[in-house]
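# Architecture at a glance
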Amino acid sequence: MAATTTSTRTRPVTSPAEAPARRGLAARVSLGKVFAPVPSEFLLIASTALLLTVFGLVMVLSATSATSTAAGEAPYEAFFKQGVFAMVGVPLMFIASRLPVSFWKRSAWLALIGATIFQLLVFVPGLGVEAHGNRNWILIAGFQFQPAEFLKLGLALWLGYVLFRKQTLLASWKHVVIPVIPVSALVIGTVLAGRDLGTAMILVLIVLGALFFSGVKLRIFLLPAIAAAAVVAGLAIASPNRMARIMSFLNPNCLEEYLTTCYQPLHGVWALAGGGIFGLGLGNSREKYEWLPAAANDYIFAIVGEELGLIGCIVVLALFALFAVGAFHVIRKTNDPFVRIVSGAITIWIVGQALINIGVVLRLLPVLGVPLPFMSQGGTSLLSVLIASGVLLSFARSLPAKRLIAPERPARAARIR
């Protein structure tokens, strides 16, 4: 009987001398992933966000130094407070950019619930702060926060997750409406309870943007849009103060109401007109000497126009345009519906809010009380848009890599025999 032999595979034994070399190789591979090239969309969004933030810090310093000194405060106090939020927000933006898309999907519900609870703190006695008829701020350790700003990001993430999970069912209006409309109405209602119609309108834009980029049919999309317009119109009519601002906006001779509802819009326009093409020079604004209310907040664009002129305004508009280009490239190139919906909602929020703010300063829209993203004084607003930009950067990293297609070789000519 013939003997049979069997062969077994054995793993090569790694000698102790080879182990450090393998660990070094793994470290090099890990570092290679960290410093791997990023898409052009990442660079465009990150650079414009940083430039707008730095530009905003400079303008906040210019707009507040004189009034702070007149009030007996340090001339750089408002600038330092804004700078603290910038120093926290910029690292958070890049940390958020490293998180995978799966993290944002898992945290969507938690983000919305946490932001809503944070918003409800404005109604807690001793924490909530009321200003100009609105109760939408809280005061903690000397810092004032506006929780509604975080609702914008939380709502965008939640809408993206819900509509992503319902992608195959969005042809039916019932699946579009439920739970999107009831939950969104509840969230927006917490802001309206504090009488902040401007922020509520931005939240409505986020809902409509998410529905649009989810690919719902036009007739289904129009129903929430019409309902939102009707609610906003009803709230405007119900408030004498809001109606007065709207009527003064429609009044061609606004000077008749100079001392009442037209005071702020007129000084905003006069600041832009006084700047001309090249401006009065950085720090030389006249309107910031308590002539223009909210000069460092909602009307920071007017100070830009007065000090840096038409050229400065064009630079701001160009930066927002580049930010929008980078974000829309993410929307166009992604294969993930969640990424497309959330990116669309965030883009509509940031770029749409910027256009509304600039429209108010140019007196193309009535005074709505929304800040200019990245630039207006307000740490919570700056923090929220920087984190939202980090979400966009995370999505930009997830874009499919371009495949290099080798050129086809020309067919060999047939030999003639």
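Residues numbered from 1 in each chain as written. Predicted model: local features only at pLDDT ≥ 70, side-chain atom pairs only at ≥ 80, totals over all residues. Heavy atoms only, no water.

### Some points on the overall build of the chain
If you tally the helices and strands in the chain, you get 15 helices and 3 strands. Counting only residues that meet the buried cut, the chain has 45% of its 417 residues in that class. Sequence separation of 24 or more characterises 72% of the internal contacts of the chain that already satisfy a separation of 6 or more. Entry remark: accessible area of the chain is about 22000 Å², with carbon and sulfur atoms responsible for 68%. (Helix = DSSP H or I, 4+ residues; strand = E, 2+ residues; numbered from the N terminus. Buried < 20%, exposed > 50% of the residue type's maximum accessible area, 1.4 Å probe, protein only. Contact = heavy atoms within 4.5 Å. Areas by Shrake-Rupley, 256 points an atom, 1.4 Å probe, with all protein chains shown as cover.)

### Comments concerning the sheet that holds strand β1 (residues 128-131)
Spatially, 3 strands are ordered β1-β2-β3 in an open sheet, and the strand pairing comes out antiparallel. Strand pairing shows two members of the sheet lacking a second neighbour, β1 and β3 (143-145), which therefore form its edges. For this sheet, the mean angle separating the axes of adjacent strands, direction not counted, is 40 degrees. Pairing analysis gives 3 bridges linking strand β2 (residues 134-140) to β3, with the strands arranged antiparallel. Residue I140 lies in a different strand from β3, and its bridge partner there is F143. (Pairing = 2+ DSSP bridges. Axes fitted to C-alpha atoms, helices over the stretch in contact; angles between N-to-C directions.)

### Describing the packing of helix α9 (residues 197-213) against helix α14 (residues 337-361)
Running from amino to carboxyl end, α9 crosses α14 at an angle of 140 degrees, the nearest separation of the two axes being 8 Å. With respect to α14, the element α9 is oriented oblique. Handedness of the α9/α14 crossing: right-handed. On α14, the residues that touch I202, L205, I206, G209, A210 and F213 of α9 are R340, I341, G344, A345, I348, W349, Q353 and I356. (Parallel < 35°, antiparallel > 145°, perpendicular 65-115°, else oblique. Left-handed = near helix turned anticlockwise from the far one by under 90°.)

### Topic: the pattern of salt bridges
Within this structure, the stated rule accounts for 6 salt bridges. Measuring nitrogen to oxygen at the nearest pair gives 3.0 Å for the salt bridge that ties R195 to E130. Here R195, found in the loop between α8 (180-192) and α9, pairs with E130, found in strand β1; they are 65 residues apart in sequence, far enough to count as distant. On the accessibility criterion, R195 (39% relative accessible area) is partly exposed. (Salt bridge = Lys/Arg side-chain N within 4 Å of Asp/Glu carboxyl O.)

### A closer look at unusual backbone geometry
Cis geometry marks the peptide bond from I178 to P179; its omega dihedral reads 0 degrees. Here P179 lies in the loop between α7 (173-177) and α8. Of note in this structure, R363 is not a glycine but carries a positive phi near 60 degrees. Mapped onto the elements of the fold, R363 is located in the loop between α14 and α15 (379-397). Of note in the backbone geometry, F374 takes a positive phi value of approximately 75 degrees without being a glycine. By the secondary structure assignment, F374 is in the loop between α14 and α15.

### Some thoughts on empty space enclosed by the protein
The final tally for this structure, using the stated rule, is 1 cavity of 30 Å³ or more. Estimates place the volume of the largest cavity at around 50 Å³. At 3 residues, helix α11 (residues 240-250) tops the list of elements feeding residues into the lining of the largest cavity. For the lining of the largest cavity, a count of residues per class yields 8 nonpolar, 1 polar and 2 charged. (1 Å grid on protein atoms, 1.4 Å probe; cavity = no way out; pocket = protein on both sides within 12 Å on 5 of 7 lines; lining within 4 Å. Points joined across faces, edges and corners; volume = space filled by probe spheres on them. Nonpolar A, V, L, I, M, F, W, Y, C, P; charged D, E, K, R; others polar.)

### Side note on the side chain of T199
Tracing the sequence through the fold places T199 in helix α9. Judged by its relative accessible area of 4%, T199 is buried.

### Some thoughts on the pairing of β2
A regular strand places its side chains so that they alternate between the two faces of the sheet. Across 4 bridges, the pairing between β1 and β2 is antiparallel. Residue A131 lies in a different strand from β2, and its bridge partner there is N134. Where β1 folds back on β2, the antiparallel hairpin that results is connected by 2 residues, among which H132 adopts a positive phi of roughly 55 degrees. Here β2 folds back onto β3, and the loop between the two strands holds 2 residues, one of which, A141, carries a positive phi near 55 degrees.

### Details of the confidence of the model for the chain
For the chain, mean pLDDT is 86; residues scoring 70 or higher make up 88% of the total. Taken together, the stretch residues 26-31 has pLDDT below 50 and engages in 0 contacts with residues farther than four places along the chain or on a different chain. (pLDDT = per-residue confidence, 0-100.)

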